[in-house]
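Reading the structure
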Amino acid sequence: MVFVTIGWAEVVPPDVLARNTTNDVLRIVKQDKELKNGNTKKILSLVEEKILPNFDFGKMTQLAVGKNWGKATPEQQQDLINQFKTMLVRTYSASLTSVSDYKIEFTPLKMAPGDVEVTVNTVVSKPGAPPIPIDYRMEKQDASWKVYDVLVDNVSMVTVYRNSFNSEVRKG
């Protein structure tokens, strides 16, 4: 008789996931001259492979669209999610070429046992510029943590885009 033991992988804590992803991306950008020189294809590939899997675009888009989400058809909702993802890819891609100049510090995570939503706080600094807090709101989903909002200098990306979406909806 054969016994098979199935080991369940531990869920990577949200701060560890954010730190590992950040350090991995920084290491890759610092070592790859093509990335530092703005090779668009390589930048997009890096964003798609290392950053995007950690985001919940469905929740982000739903929060950004707000009360109008329920008025959209499933096809429109999927289109909005795809557009939101494209926008985020462009945002991250545009900033990756200069990221090697930055220092990113993670503050200790405040998390109680059983928490399913947390905020991972970072401070990004560059010589000659004031430090900027960048925080990641994350939610535990099944066996992983996903980012559903990013706050830059205490301004929520979801809220900024909600205002844009609502303006577009009012225009028709």
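Structural data are supplied above this passage.
To keep things clear, this report deals only with the structure shown in the data block. For clarity, every value in this text was computed on a predicted model and none was experimentally measured.

Cut-off values and rules
- Residues numbered from 1 in each chain as written.
- Predicted model: local features only at pLDDT ≥ 70, side-chain atom pairs only at ≥ 80, totals over all residues.
- Heavy atoms only, no water.
- Helix = DSSP H or I, 4+ residues; strand = E, 2+ residues; numbered from the N terminus.
- Expected span 1.5 Å × (residues − 1).
- Buried < 20%, exposed > 50% of the residue type's maximum accessible area, 1.4 Å probe, protein only.
- Pairing = 2+ DSSP bridges.
- Contact = heavy atoms within 4.5 Å.
- Axes fitted to C-alpha atoms, helices over the stretch in contact; angles between N-to-C directions.
- Phe/Tyr/Trp six-rings, centres within 6.5 Å; stacked < 30°, edge-to-face > 60°.
- 1 Å grid on protein atoms, 1.4 Å probe; cavity = no way out; pocket = protein on both sides within 12 Å on 5 of 7 lines; lining within 4 Å.
- Points joined across faces, edges and corners; volume = space filled by probe spheres on them.
- Nonpolar A, V, L, I, M, F, W, Y, C, P; charged D, E, K, R; others polar.
- Left-handed = near helix turned anticlockwise from the far one by under 90°.
- Parallel < 35°, antiparallel > 145°, perpendicular 65-115°, else oblique.

1. Focus: helix α5 (residues 74–96)
The terminal C-alpha atoms of α5 lie 33 Å apart, and with 23 residues this matches the ideal 33 Å at 1.5 Å per residue to within 8%. The set of residues buried in α5 consists of Gln77, Ile81, Phe84, Leu88, Val89, Tyr92, Ser93 and Leu96.

2. Describing the sheet that holds strand β3 (residues 129–141)
Read from one edge to the other, the open sheet built from 5 strands follows the order β1-β2-β3-β4-β5, with strand pairing classed as antiparallel. The strands lining the two open edges of the sheet, one partner per strand, are β1 (103–106) and β5 (155–156). When β3 meets strand β4 (residues 144–152), the two strands line up antiparallel, connected through 8 bridges. Following the sheet pairing, tyrosine 136 is matched in β4 by valine 150. Together, β1, β2 (117–126), β3 and β4 form the strand contacts of helix α1 (residues 14–31), whose direction differs from that of β1 by roughly 170 degrees.

3. Quick word on the packing of aromatic side chains
Counted according to the given criterion, the structure contains 2 aromatic pairs. Arranged with centres 5.9 Å apart and planes meeting at 20 degrees, the rings of phenylalanine 55 and phenylalanine 57 form a pair that is stacked. Like phenylalanine 57, phenylalanine 55 is buried. Ring geometry for phenylalanine 84 versus tyrosine 161: centroids 5.7 Å apart, planes at 80 degrees, classification edge-to-face. One end of the pair, phenylalanine 84, is in helix α5; the other, tyrosine 161, is in helix α6 (residues 157–171), with 77 residues separating them in the sequence. Under the relative-accessibility criterion, phenylalanine 84 is labelled buried at 1%.

4. Quick look at the layout of surface pockets
Empty space within the largest pocket amounts to approximately 840 Å³. Together, 38 residues line the largest pocket, and Tyr92, Ser95, Val124, Ile134 and Tyr136 are the ones closest to its centre. Along the lines of polarity and charge, the residues of the lining of the largest pocket split into 27 nonpolar, 9 polar and 2 charged.

5. Quick word on the packing of helix α3 (residues 40–51) against α5
Contact pair α3 / α5: the axes reach a minimum separation of 9 Å and the direction vectors enclose 115 degrees. Where α3 crosses over α5, the two elements pack in a sense that is right-handed. Together, Ile43, Leu44, Leu46, Val47, Glu48 and Ile51 of α3 and Lys85, Val89, Tyr92, Ser93 and Leu96 of α5 make up the contact between the two elements. Among the residues making up the contact of α3 with α5, the classes are represented as 8 nonpolar, 1 polar and 2 charged.

6. Brief notes about unusual backbone geometry
With a phi angle near 55 degrees, aspartate 142 is a residue other than glycine that sits in the positive phi range. Looking at the secondary structure, you find aspartate 142 in the loop between β3 and β4. Although it is not a glycine, aspartate 153 adopts a positive phi angle of roughly 55 degrees. Along the chain, aspartate 153 turns up in the loop between β4 and β5.

7. Things to note about the packing of helix α4 (residues 57–65) against α5
In a packed pair of helices, the relevant descriptors are the angle between the two axes and the axis-to-axis distance. Between α4 and α5, whose axes approach to 9 Å, the crossing angle comes to 100 degrees. In this view, α4 runs roughly perpendicular relative to α5, as classed from their interaxial angle. Only Leu80, Ile81, Phe84, Lys85 and Leu88 of α5 make contact with α4, whose side of the interface consists of Phe57, Gly58, Met60, Thr61, Ala64 and Val65. When grouped by side-chain class, the residues that make up the contact of α4 with α5 number 8 nonpolar, 2 polar and 1 charged.

8. Thoughts on α3
An ideal rise of 1.5 Å per residue puts 16 Å on 12 residues; α3 measures up with 15 Å between its terminal C-alpha atoms. Here the buried face of α3 lies against α1, α2 (33–36) and α5.

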